[in-house]
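Okay, here's what each chain looks like letter by letter:
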Amino acid sequence: MSLSDELDSLRASFAACETVAFADLSSRMVLVTSSERTLRQEALDALCEEAGLLFEGPKGGDPIFSSEDGADTAIFATHDGVDVFLRAASEPTDVLCCRCGADIDVAAFVTEARAQLEKISGGTES
Amino acid sequence: MKTTDDIARKLAALSSMEEEYLPGGARVISRGGTPEPLQAILREIDETVLQRKLTFKAANDASVAMVIAGRRMQGVADLSADLDGGAVSDLKMRALTKDDAFLLEAFSDLMRRFAEGAEDLSVTSEPAERLGSAAEAGLSVSSLTEIWAVDMWAPPPSRIGRFLKASRPRLDAFVQTSGEEEVGKIGETTRLTELDALLKDRAKSYGAALQTLRPDAPEVRLSIAGAAAGGSGYVALAEDGDDRAALAFRPDALSDILSAWGKAAG
């Protein structure tokens with residue numbers, strides 16, 4: 001299954017998931033996406049930057065949500081949506097950036113998305 | 001006697017009310033915990049002059065029916081099965097007086113349990129027979145206010161306050177601020193120091209960075225980061241303009257925290 005298929009499969013499993021993007025946090029660049037509608041590159045870049053802000057803080061600044069263990073999950077929730085960001089355990093620069101509707105089952109989604117991310121991240125290493 | 005401040009607060013609260021009815025005709029008096037369920041019930045009693053039975057029903061189908069007249073609560077007419085049992089059963093169709101400590105205790109316990117689960121609350125009103133003799137006037141609103149320890153016209157808690165109240169059983173620690181003022185905090189010192197630093201030192205730079213990144217980002221938002229497995233769990237920043245809270249919770253509380261946020265922010 002290609003990387004793109006993996007992301008499509010994750011999105012298909014959750015009706016409330018609108019966009020899934022696999023990105024490299026060190027370059028803050030989106031590598032592959034799966035989305036129910038075409039997103040402009042600026043929107044994808046912003047999603048990846050959002051992951052960077054939540055995990056590492058503003059560019060050149062200190063982390064906002066300091067964690068001595070290193071954060072592997074971040075969420076940005078508003079009244080109209082939930083953005084979910086996951087960082088791979090084996091390769092912390094590999095991140096999954098997901099934009100979901102407010103009715104997403106976050107716990108189930110995080111579990112499924114993390115399994116996909118670890119699979120993808122492990123695959124990119126080999 | 002009401003003071004000018006009491007009257008002003010009552011008028012402000014009344015002017016902000018919009019009436020909503022459920023299919024079947026029940027009128028919604030509290031939505032998402034606003035106003036507080038006991039506050040909403042007191043207001044209904046305070047507005048009932050004629051002899052009526054008011055049935056208060058929560059979204060979880062728990063219900064309490066009371067007989068009320070002359071702005072006084074005469075007694076409990078009926079209860080849903082989930083609230084019934086023990087001393088509470090003795091309340092049904094008995095006139096309540098301030099002198100009956102046993103029944104008052106049971107009544108307080110009943111209403112405390114009812115209010116805890118009453119996220120959304122509606123009321124229906126129908127004619128009723130008097131409970132007790134003419135000499136038993138029932139409990140006035142001011143007596144009920146004392147018994148329940150509720151300020152009938154206190155302003156509703158802020159959105160952040162409602163969120164923290166709903167999610168509090170799942171929180172390890174939190175610090176809440178409004179502007180520069182600390183409103184409340186709970187938790188052990190180490191955790192609170194970390195949350196204080198997030199609120200006082202880093203929240204502003206986070207807000208500025210977010211504004212640059214997403215100029216359209218709503219002011220009402222919840223940002224969470226942490227380690228899902230092991231570690232010290234999640235840290236979050238809840239914001240509604242100048243009202244903020246930093247909170248810490250375990251990973252298994254994530255769904256409950258987001259659910260509480262959805263209700264408070266919606």
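Up top is the structure these notes are about.
Everything in this summary refers to the structure shown in the same document.

1. Some details on the packing of helix α5 (residues 159-167) of chain B against helix α7 (residues 254-265) of chain B
Residues and elements named next belong to chain B. α7 packs onto α5 with a crossing angle of 150° between their chain directions and a minimal axis gap of 9 Å. It follows from the interaxial angle that α5 and α7 lie roughly antiparallel. For the crossing formed where α5 meets α7, the hand is right-handed. Two secondary-structure elements touch here, α5 through Arg-159, Arg-162, Phe-163, Ala-166 and Ser-167 and α7 through Asp-256, Ile-257, Ala-260, Trp-261, Lys-263, Ala-264 and Ala-265. The residue makeup of the contact of α5 with α7, split by class, is 7 nonpolar, 1 polar and 4 charged.

2. Concerning the nonpolar core
In this structure, Ala51(A), Val84(A), Cys97(A), Leu247(B) and Trp261(B) are the most contacted members of the largest nonpolar core, which totals 73 residues. In terms of residues, this core owes the most to one element, α7(B), which gives 7 residues. Non-local contacts of Cys97(A), meaning those with residues more than four positions away in its chain, are made with Ala21(A), Ala23(A), Leu47(A), Cys48(A), Ala51(A) and Phe85(A). Judged by nonpolar contacts, the second largest core, of 35 residues, contains Ala58(B), Phe107(B), Leu121(B) and Leu144(B).

3. With respect to the sheet that holds strand β1 (residues 17-24) of chain A
Taking strand neighbours across the sheet as the criterion, the 10 strands line up as β2(A)-β1(A)-β5(A)-β4(A)-β3(A)-β10(B)-β11(B)-β12(B)-β8(B)-β9(B) in an open arrangement whose pairing is antiparallel. Both edges of this open sheet fall to β2 (29-35) of chain A together with β9 (181-186) of chain B, since each of them pairs with a single strand only. When the angles between neighbouring strand axes are averaged without regard to direction, this sheet yields 15°. Pairing between β1(A) and strand β5 (residues 94-100) of chain A: 7 bridges, direction antiparallel. By the bridge assignment, Val20(A) is partnered in β5(A) with Cys98(A).

Here is what the cut-offs are and how they apply
- Residue positions are counted from 1 within each chain, in the order its sequence is given.
- Each chain is given a letter, starting from A, and each ligand a number, starting from 1, according to the order in which they appear as written.
- In keeping with the predicted nature of the model, local features appear solely for residues at pLDDT of at least 70, side-chain atom pairs appear and are counted solely at 80 or more, and the whole-chain, interface and lining totals rest on all residues.
- Note on definitions: angles span 0 to 180 degrees between N-to-C directions of axes, and those axes are lines fitted to C-alpha atoms, for helices only across the stretch in contact.
- The numbering of helices and of strands both runs from the N terminus, where a helix is a DSSP run of H or I of at least 4 residues and a strand a run of E of at least 2.
- Working definition: roughly parallel below 35 degrees, roughly antiparallel above 145 degrees, roughly perpendicular at 65 to 115 degrees, and oblique for all remaining angles.
- With the far helix as reference, a near helix turned anticlockwise by less than a right angle produces a left-handed crossing, and one turned clockwise produces a right-handed crossing.
- Distance between backbone-placed C-beta atoms decides contact: two residues are in contact if it is within 7 Å.
- Basically, the charged four are Asp, Glu, Lys and Arg, the nonpolar ten are Ala, Val, Leu, Ile, Met, Phe, Trp, Tyr, Cys and Pro, and anything else, Gly included, counts as polar.
- By convention in this section, buried Ala, Val, Leu, Ile, Met, Phe, Trp, Tyr and Cys residues joined through C-beta atoms within 7 Å make up a nonpolar core.
- The burial criterion counts other C-beta atoms lying within 10 Å of a residue's C-beta, which is placed from the backbone; the residue is buried at 20 or more, exposed at 12 or fewer, and partly exposed between these limits.
- Strand pairing follows a simple DSSP-based rule, namely that at least 2 bridges must link the two strands.

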